[in-house]
Amino acid sequence: MNEFEAATIAFQNASLEATYWATYVQAGVAGLVGLVQCLLIAYGLRLMRVGNDDRQRQADLAEKRHEENMLALRTLIERTAQR
């Protein structure tokens, strides 16, 4: 085997090793990206739930105010009605 053939085989071996490492790095990056996506989705769902809870509280307060206003209006009508 001459010097050129030995260099070619060494280069091929180095290329294969680099390919293996690149494969692992790509898999790791893909896993990390997937994890970040899952975390972002979970965070978005949490924000949606919190927003929904706030809207429900506001709707409940509005309903309570409406009932109080209607009671006050009925009382006013009863007091001012002709007998």
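This structure is a prediction, so every number in the text was calculated from the model and none was measured. (Residues numbered from 1 in each chain as written. Predicted model: local features only at pLDDT ≥ 70, side-chain atom pairs only at ≥ 80, totals over all residues. Heavy atoms only, no water.)

Draft legend 1. Here's a closer look at the overall build of the protein. When helices and strands are counted, the protein shows one helix and zero strands. Relative to the 2.2 N^0.38 estimate, which gives 12 Å for 83 residues, the radius of gyration of the protein is 36 Å and therefore markedly larger than a compact globule would have. Each principal axis of the C-alpha distribution contributes one length, and for the protein these read about 125 × 10 × 5 Å. Going through the 83 residues of the protein one by one, you find that 1% of them count as buried. Total accessible area on the protein is roughly 7,900 Å²; 63% of this is exposed by carbon and sulfur atoms. With 9 positive and 10 negative side-chain charges, the protein shows a separation of 24 Å between the mean positions of the two kinds. (Helix = DSSP H or I, 4+ residues; strand = E, 2+ residues; numbered from the N terminus. Rg over C-alpha atoms; globule rule 2.2 N^0.38 Å. Buried < 20%, exposed > 50% of the residue type's maximum accessible area, 1.4 Å probe, protein only. Areas by Shrake-Rupley, 256 points an atom, 1.4 Å probe, with all protein chains shown as cover. Lys, Arg positive; Asp, Glu negative; His and termini not counted. Charge placed at Lys NZ, Arg CZ, Asp CG, Glu CD.)

Draft legend 2. Summary view of the pattern of salt bridges. Across all of its chains, the model carries one salt bridge by this definition. With a closest N to O distance of 2.3 Å, Asp54 and Arg57 form a salt bridge. Of the two residues, Asp54 and Arg57 are both situated in helix 1 (residues 3-80); the distance of three residues between them amounts to about one turn of the helix. The exposure class assigned to Asp54 is partly exposed, which follows from its relative accessible area of 32%. (Salt bridge = Lys/Arg side-chain N within 4 Å of Asp/Glu carboxyl O.)

Draft legend 3. Just a nonpolar patch on the surface, in detail. Nonpolar side chains collect at one region of the surface, where Leu32, Leu35, Val36, Leu39 and Leu40 lie side by side and expose about 500 Å² of accessible area between them. Relative to the elements of secondary structure, Leu32 occurs in helix 1. Residue class for Leu32 comes out exposed when judged on its relative accessible area of 53%. (Patch = residues over 30% accessible without salt bridge, like charges linked within 9 Å, V, L, I, M, F, W, Y side chains within 5 Å.)

Draft legend 4. Up close: a negative patch on the surface. On the surface, a cluster of negative charge is contributed by Asp60, Glu63, Glu67 and Glu68. Inspection of the secondary structure puts Glu67 in helix 1.

That is the geometry; function is a separate question.
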